[in-house]
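Close look at the chain arrangement
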Amino acid sequence: MTDGPRDEEEALAERKMRFLFALRSKGVTEARVLTAMERVDRGRFVRGLFADRSYEDMPLPIACGQTISQPSVVGLMTQALRIGPRDTVLEVGTGSGYQAAILSQLCRRVYTVDRHRRLVREAAAVFSALGLSNITAFAADGSFGLPDQGPFDRIIVTAAAEDPPGPLLAQLKIGGIMVVPVGQSDAVQRLIKVSRLEKGFDYEELRSVRFVPLVEGMGDD
Ligand code: SAH
């Protein structure tokens, strides 16, 4: 006799433990970030063929030819933002919605925007199924930010820009932080942390990363 559901539960617990271990070993060490990543089931944001790989530390394909980022990169970018519980955060590049869901655990309000309407619709459905009521998802070209919702305490861009987009810099509050991958789409890019000072900006290079490009205008679907 086998005990099916119990075996499955144990296997999931084991996978989760390995997932958290992998995150820690790659430098995601902040307790609040790890707790958020433990709570949000990445499997809810990965559909189809790759669903059973959702606890592996690798990027995976999602609809519209896009990718859900590698969990350790999600963790490191989130950690670099130093989010406070009262912060309002803008994410450019909703994709699957996973990164937004992690952010939603750490701050007061998340605005997330993607140029593919389908991705926004599907992510919004997952947010509502999970009861993540502090996330608002918009279909728009995020390189212009969301002027009506800003300015923001924190901004995260999850697609690679050639330079940090001007409108996003303008929508960052003084004392605010933005993380953005910068570089050509098919080359290795650098993850940049931009801090807005009383006067001007401070730029710090964090690590190399690889993201899909930030593309102008709306997608076809
Ligand atoms: N953060 C996502 C992964 C993002 S993949 C997750 O957690 O799953 C990058 C996303 O950026 C893609 O969905 C792509 O459609 C989006 N994107 C690219 N250019 C954009 C733009 N100008 N405005 C808004 N979204 C954009």
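Residues numbered from 1 in each chain as written. Predicted model: local features only at pLDDT ≥ 70, side-chain atom pairs only at ≥ 80, totals over all residues. Heavy atoms only, no water.

Keep this limit in mind: UniProt positions are given in the numbering used here, feature names are shortened, and annotations may be inferred rather than shown by experiment.
Under an unreviewed UniProt entry, the protein has the name Protein-L-isoaspartate O-methyltransferase and belongs to Szabonella alba. Among the UniProt annotations of the protein, the heading Subcellular location (unreviewed entry) holds the following wording: "Cytoplasm". According to the UniProt record, the Sequence similarities (unreviewed entry) comment for the protein reads "Belongs to the methyltransferase superfamily. L-isoaspartyl/D-aspartyl protein methyltransferase family."

1. Overview of the sheet that holds strand β9 (residues 201–209)
Where we set the bar: Paired strands, in this sense, are two strands between which DSSP finds at least two bridges. Helix and strand assignments come from DSSP, with helices taken as H or I runs of at least 4 residues and strands as E runs of at least 2, each series counted from the N terminus. Only the stretch in contact is used when fitting a helix axis, every axis being a line fitted to C-alpha atoms; angles between N-to-C directions are given from 0 to 180 degrees.
The strand order across the open sheet formed by seven strands is β5-β4-β3-β6-β7-β8-β9, and the pairing between neighbours is mixed. The sheet is open, and its two borders are formed by β5 (135–139) and β9, each paired with just one other strand. Taken pair by pair, the neighbouring strands of this sheet meet at an average axis angle of 15 degrees, ignoring direction. Of the pairings in the sheet, the one linking strand β3 (residues 88–92) to strand β4 (residues 109–114) comprises five bridges and is parallel in character.

2. Thoughts on the UniProt feature "active site" (unreviewed entry) in the protein
Note the cut-off: Accessibility here uses a 1.4 Å probe with only protein chains present; expressed as a share of the type maximum, an area under 20% marks a residue as buried, one over 50% as exposed, and anything in between as partly exposed.
Mapped onto the present numbering, the UniProt feature "active site" (unreviewed entry) falls on S69. Residue placement: S69 occurs in the loop between β2 (67–68) and α3 (71–80). Given the relative accessible area of 18%, S69 is considered buried.

3. Considerations on the pattern of salt bridges
To keep it simple, the criterion reads: Note on definitions: salt bridges are taken to be side-chain nitrogens of Lys or Arg within 4 Å of carboxyl oxygens of Asp or Glu.
This model, assessed by the stated rule, comprises ten salt bridges. With a closest N to O distance of 3.6 Å, E122 and R47 form a salt bridge. Within this pair, whereas E122 is found in helix α5 (residues 117–129), its partner R47 is found in the loop between α2 (31–39) and β1 (60–61), the two being separated by 75 residues in sequence. For E122, a relative accessible area of 23% gives the class partly exposed. What you see here is one network of salt bridges that share partners, running through R47, R118 and E122.

4. Structural notes on the pairing of β9
For strand β8 (residues 189–196) and β9, the ladder comprises eight bridges, and the chain directions are antiparallel. Its bridge partner being in β9, K193 is matched across the sheet by E204.

5. A short note on the site of the ligand
Selection criterion: Nearness of a residue to a molecule or strand requires only that one of the residue's heavy atoms be within 4 Å of it. The term polar contact refers here to a pair of N or O atoms within 3.5 Å; inside protein, the definition further demands a hydrogen-donor-capable atom paired with an acceptor-capable atom, and it admits residues adjacent in sequence only when both atoms are side-chain atoms. Shrake-Rupley sampling with a 1.4 Å probe provides the accessible areas, and residues are treated as covered by the protein chains on show and by no other component. Think of a 1 Å grid over just the protein atoms. A cavity is a set of points where a 1.4 Å probe fits yet cannot get out, a pocket is an open set with protein on both sides within 12 Å along at least five of seven lines, and lining residues have an atom within 4 Å of a point. Molecules are considered to sit inside a cavity or pocket once more than half of their atoms lie within 2 Å of its grid points.
Around the ligand sit 27 residues, and of these S96, D114, D141, G142 and V215 come closest. S96 places a polar side-chain atom, nitrogen or oxygen, 2.6 Å from an oxygen atom of the ligand. Protein contacts shield 99% of the accessible area of the ligand, which totals 580 Å² for the unbound molecule. According to the grid-proximity analysis, the pocket containing the ligand is the largest pocket.

6. Some thoughts on the environment of P165
The criterion, for reference: The contact definition used throughout considers only heavy atoms, calling two residues in contact when any of these lie within 4.5 Å.
In this structure, P165 sits in the loop between β6 (152–157) and α6 (166–170). With relative accessibility at 10%, the residue P165 sits in the buried group. With 15 residues separating them in the primary sequence, P165 and V180 have C-alpha atoms 9.4 Å apart. What P165 contacts, discounting residues up to four positions off in sequence, is S143 and L214.

7. As for empty space enclosed by the protein
Counted only if it meets this: Grid points are joined across faces, edges and corners, and a volume is the space filled by probe spheres set on the points. Each residue gets one of three labels, nonpolar for Ala, Val, Leu, Ile, Met, Phe, Trp, Tyr, Cys and Pro, charged for Asp, Glu, Lys and Arg, and polar for the others, Gly among them.
Applying the stated rule across the entire model yields one cavity of 30 Å³ or more. By volume, the largest cavity amounts to about 30 Å³. E30, R32, V33, T78, Q79, R82, I83 and L106 together form the lining of the largest cavity. Counting residues per element, the ones that place at least two in the lining of the largest cavity are α2 and α3. In terms of residue class, the lining of the largest cavity is made up of three nonpolar, two polar and three charged.

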